[in-house]
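Architecture and fold: a report
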Amino acid sequence: MNNSIDDQRLHESRMDLYHSSGNGFVVFRNYISDDYVKHIVDYWTKYVIPEKSHERFVSKEFLYNGCPNYFVSSSNGSKVFYNAFWNPPCDAVTYEVAFRIAQLRNQIEAKISSADLFPFPSGRCLIPRVVITQNGENILVPHSDFGLDEPNPANIDLRRTQATLYLSEYGRDYTGTGFIYTNNQGEKVFLGKDLDIRPGDLVIWKQSNVHEIESVYTEDEQMGFVRMLFPCEDMKMNPHLSNEGRAGKASQGNYIHRAKALVKKIIR
Ligand SMILES: [Fe+2]
């Protein structure tokens, strides 16, 4: 479970991700061992009491610096947990694994190791998710992120990657299409199915390629498609900061202005 790789592996990973001859993704087999997988899966499928540790997710408008952890629980058995780094870890192993993957990804993307780890005002910040998908169709419609078709040019970032830490196994734990990724040659790859991705494998993939989940089916006794994701969220303004009245709005504007200037000064 390294948070960095040597120069040779780094070069190969970047070729796999970004070169037209590459796949657009790279697989780190057995990134975490079976005992780590079991611990994380047990925690999020058996032991967590979301009503105590998380608040119900309403919308991404409530993802802000210092926001609580959130959870989504659907009638089909699917669950999503948003676990922000600034909150005390619900599960220390999940927290540590997420932190290491974030740094590894930053190395691959040629960013400083702390990139997207802290909620700078008006920036993006990683909020790791544990996702358990049990049953459904058209779960993730085909789309790309940060590509050249982004309506807002500020959102174009072709080196951005997403990471999926697989915690369950296609066939044994779920069926359906699972995650489908369009590689750099425009071919669809059914990751769990075609590549025999095992629990504990980490897949880092270029986010501007089209990706989708057409279907996931889970029988009784199966736990579903369980994984961790590492989305860098667009941080919103803390809704608890006063913006009522003209004085409040002016003070909030000043706050943002000062904070931006400070951050710029620090990173120069
Ligand atoms: Fe996406």
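Residues numbered from 1 in each chain as written. Predicted model: local features only at pLDDT ≥ 70, side-chain atom pairs only at ≥ 80, totals over all residues.

**Quick word on the sheet that holds strand 3 (residues 70–73)**
Selection criterion: Between any two strands, pairing holds if DSSP finds at least two bridges. The numbering of helices and of strands both runs from the N terminus, where a helix is a DSSP run of H or I of at least 4 residues and a strand a run of E of at least 2. By definition, residues are in contact whenever their C-beta atoms, placed on the basis of the backbone, come within 7 Å of each other. An axis is simply a line fitted to the C-alpha atoms; with a helix, the fit covers only the stretch in contact. Between two such axes, the angle follows the N-to-C directions and lies from 0 to 180 degrees.
The eight strands are arranged 1-12-8-14-6-4-3-2 in an open sheet whose pairing can be described as mixed. Where the open sheet ends on each side, the last strands, each with one partner, are strand 1 (25–28) and strand 2 (55–56). As judged from the four bridges shared by strand 3 and strand 4 (residues 79–82), these two strands associate in the antiparallel manner. Paired with Phe71 across the bridge in strand 4 is Phe81. Along the sheet, helix 1 (residues 7–18) makes contact with strand 1, strand 8 (161–166) and strand 12 (202–206), crossing strand 1 at roughly 135°. Across the sheet, helix 4 (residues 92–108) is in contact with strand 6 (129–133), strand 8, strand 12 and strand 14 (225–229); its angle to strand 8 comes to roughly 145°.

**Remarks on helix 1**
Stated precisely, the cut-off is as follows: Given the number of residues in a helix, its expected span is that number minus one, multiplied by 1.5 Å. Between the buried cut of 20 or more and the exposed cut of 12 or fewer other C-beta atoms within 10 Å of a residue's own C-beta lies the partly exposed class, and all C-beta atoms are placed from the backbone. Regarding the arc, it is the one traced by the directions from the helix axis to the C-beta atoms.
The first and last C-alpha atoms of helix 1 sit 16 Å apart over twelve residues, in line with the 16 Å expected at 1.5 Å per residue. Listing the buried residues of helix 1 in full gives Ser13, Asp16 and Leu17. Summarising the axial view, the buried residues of helix 1 lie within an arc of 95°, below the 170-degree limit, and thus occupy one face. More than 90 degrees from the buried face of helix 1, the exposed residues found are Asp7, Gln8 and His11. Elements that come into contact with the buried residues of helix 1 comprise strand 1, helix 4, strand 8 and strand 12.

**Observations concerning the domain arrangement of the protein**
This is how the line gets drawn: Domain start and stop points were drawn from an automatic or database domain assignment.
Assigned domains within the protein: domain 1 (7–236) and domain 2 (241–268). Averaged C-alpha coordinates put domain 1 and domain 2 at centres separated by 32 Å.

**A short note on the environment of Leu17**
Note that Leu17 resides in helix 1. Residue Leu17 is classed as buried on the basis of its 21 C-beta neighbours within 10 Å. A sequence separation of 166 residues divides Leu17 from Asn183, and the C-alpha atoms of the two residues are 9.2 Å apart. Excluding residues that lie within four positions of it along the chain, Leu17 makes contacts with Gly22, Gly24, Phe25, Val26, Thr161 and Lys206.

**Some remarks on the nonpolar core**
Rule in force here: Nonpolar cores are built from buried Ala, Val, Leu, Ile, Met, Phe, Trp, Tyr and Cys residues. These are joined into a set through C-beta atoms within 7 Å.
Core analysis: the biggest nonpolar cluster contains 46 residues, and Phe25, Ile101, Leu165, Leu167, Leu202, Val203 and Ile204 have the highest contact counts within it. Of the residues forming this core, the biggest block, six residues, is contributed by helix 4. If we skip the residues at most four places from it in the chain, Leu165 touches Tyr31, Ile101, Leu202, Arg227 and Met228.

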